[in-house]
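# Working through the structure, step by step
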Amino acid sequence: MLIASVAAFVSPVEDPDFWWHIRVGRWMLEHGRLPSQDLFTYTVSGHAWTDHEYLTEILMWLGYSHLGLLAISLGFGLITWLGLLLIYQACRPGRRPYVIVGLGLALAAVTGGPIWGPRAQMVTFALACLELLWLRRYLDGSSRTINWLPLVMVLWANLHGGWVVAFLFLGVAGASELLQWVGDRSRAHLMRVRRLAIITALCAVAVAATPHGLALYLYPFQTQASTAQQHLIVEWFSPDFHLSSLRAFEVMAFLLIGSFALRRPSLYDFLLSMAALGLALQSVRHVAIFVAAATPVLVAQASWIWQELGSRHRLPLGGGARSARAPAVTALALGVIAAAVAVTVAGGALKQDRLTRDSFPVGAADYLAAHPEVGTRMYNQYGWGGYLLYRFYPDPSRRVFIFGEAALMGDRQLNRYQDVQTLRPDWRQVLDQERVDYVVYNRGEALANVLA
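The notes below deal with the structure included here.

Criteria and cut-off values
Residues numbered from 1 in each chain as written. Predicted model: local features only at pLDDT ≥ 70, side-chain atom pairs only at ≥ 80, totals over all residues. Heavy atoms only, no water. Helix = DSSP H or I, 4+ residues; strand = E, 2+ residues; numbered from the N terminus. Contact = heavy atoms within 4.5 Å. Core = buried A, V, L, I, M, F, W, Y, C linked by side-chain atoms within 4.5 Å. Buried < 20%, exposed > 50% of the residue type's maximum accessible area, 1.4 Å probe, protein only. Salt bridge = Lys/Arg side-chain N within 4 Å of Asp/Glu carboxyl O. Patch = residues over 30% accessible without salt bridge, like charges linked within 9 Å, V, L, I, M, F, W, Y side chains within 5 Å. Areas by Shrake-Rupley, 256 points an atom, 1.4 Å probe, with all protein chains shown as cover. Disulfide = S-S within 2.5 Å.

A few words now on the environment of V13. Here V13 is to be found in the loop between helix 1 (6–9) and helix 2 (18–31). Put simply, V13 and R119 are 106 residues apart on the chain and 8.4 Å apart in space, counted from C-alpha to C-alpha. Ignoring sequence-local partners within four residues, the contact set of V13 consists of F18, L69, I72, S73, P118 and Q352.

What follows is the structure, encoded as structure tokens:
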């Protein structure tokens, strides 16, 4: 399953934010500093910019500039796969039935399917898996590697704004230990609470070890409090269970809750699962966090049920004599799986150019490049802003109306964009106020039809 999952994690670049990420990474290397305000629009050029993923953007540009889009696909695929490997370790494979562990990993890989891809948030997924593994080992008394978490937080805070989830996990662990101490007054629980409190305080200080300093603390809360982002950006929507791509998440959630009815989980596992499920039900982008937190819990629950059934009904659960041909059969199976993964990954790479043309306004950008006389101010589709600015920056006649850094755009600009694309009563007024004279937008949509 670990080998097969590579096919799910290594995929072509389709994320609309990718293009502005690499353009910002290139700008930072060229100028030797971080952007302090918007660079790419003519509408919000005065807005202050807290670039919370600057280090990832620099690495993305370096990979892309030397090896192209394949380097991005492979790099982020490897990061995501490392996250699954950490989940595997958290499942305690030596103590669980390998069939249950394998099925758990398979369900995890499929559940996160809508989220996996070459995108910066895979960094948060992998680091969240690392933190959860360390927390689990600390709480069961097998390791104190959680002491290294503040150093990880320094890296995390410079790579991606998802670092805030680390404090949720620390809070869940601390709350579970505190509640257990209230129940049994065990000194061991109280000592763990104290250590977790110290680690949390050190992590809070570590977050400031970025070029943004204290300003970074506000960024996650500004995003969560933005009603415009919650209503405009699909990833912030709650999961739509009518979509077949989210069926696996639905199944995983039901299996997890159902297993709690058959076996009482530990307090930590219960609180962690509910916190992660709450996040995922609030926003589909948090399904990856649910996978990281819930997979080891589900595997533990299912393993107990499996072993109980085996002992009650005398089912063969392994341990019998092995055939002399087993190693050869295993090697052959692994070879076939690896070959299938290689073919799948290669097929995705070969489709990259077509996917780019299907997903982004390549033809429109080619036309604008060949016709410099076409206007000076564009109104563009939100998801296309990144590609257009990648193609044209720093041409002043090709600055975009909006692009995918929603926090930088601000609620007012997001709402103005929505006014136009949804044809609200003031849509003409917005275009006139910004002196828009050409539009780059999807064919067949209401705005394009009305303009035509």
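In terms of nonpolar packing, the biggest core is built from 129 residues, with F18, M153, F290, Y379 and F403 touching the most fellow members. By residue number, the principal contributor to this core is helix 6 (residues 121–139), which donates 13 residues. Residues within four places of F290 in sequence aside, it is in contact with F249, M252, A253, L256, A276, L277, A280 and T295.

A full pass over the atoms with the stated rule returns 11 salt bridges. Put simply, R119 and E235 hold a salt bridge, and the shortest N to O gap is 2.0 Å. Within this pair, whereas R119 is found in the loop between helix 5 (98–111) and helix 6, its partner E235 is found in the loop between helix 11 (227–232) and helix 12 (247–262), the two being separated by 116 residues in sequence. Pair check on accessibility: R119 and E235 agree, each one buried. Note that R416 is salt-bridged to E434, the shortest N-O span being 2.5 Å. Residue R416 is located in helix 19 (residues 406–421), and its partner E434 is located in the loop between helix 20 (427–433) and strand 2 (438–440); the two are separated by 18 residues in the primary sequence. E434 matches R416 in its accessibility class, with the two residues each being buried. What emerges from the salt-bridge pattern is a single network uniting R119, E235 and R285.

Let us look at a nonpolar patch on the surface. Residues Y98, V99, L103 and W306 make up a contiguous nonpolar surface patch of about 450 Å² in total accessible area. With three residues, the top contributor of residues to the nonpolar patch is helix 5.

With that settled, consider unusual backbone geometry. Along the chain, Y393 connects to P394 via a cis peptide bond; the corresponding omega equals 10 degrees. Structurally, P394 can be placed in the loop between helix 18 (385–392) and helix 19. Despite not being glycine, R185 shows a phi value in the positive range, around 60 degrees.

A word on the environment of H189. Within the secondary structure, H189 is located in helix 9 (residues 187–206). Take H189: its relative accessible area is 11%, and that puts it in the buried class. Between the C-alpha atoms of H189 and S11, which are 178 residues apart in sequence, the distance is 44 Å.

The next thing to look at is the side chain of Q413. Among the structural elements, Q413 can be located in helix 19. Excluding anything up to four places from it in sequence, Q413 contacts T43, V44, F401 and I402.

Between two cysteines, a covalent bond joining their sulfur atoms is known as a disulfide. One pass over the structure, following the stated rule, counts zero disulfides. No disulfide involves C91; its sulfur sits 10 Å from that of C129, the nearest cysteine.

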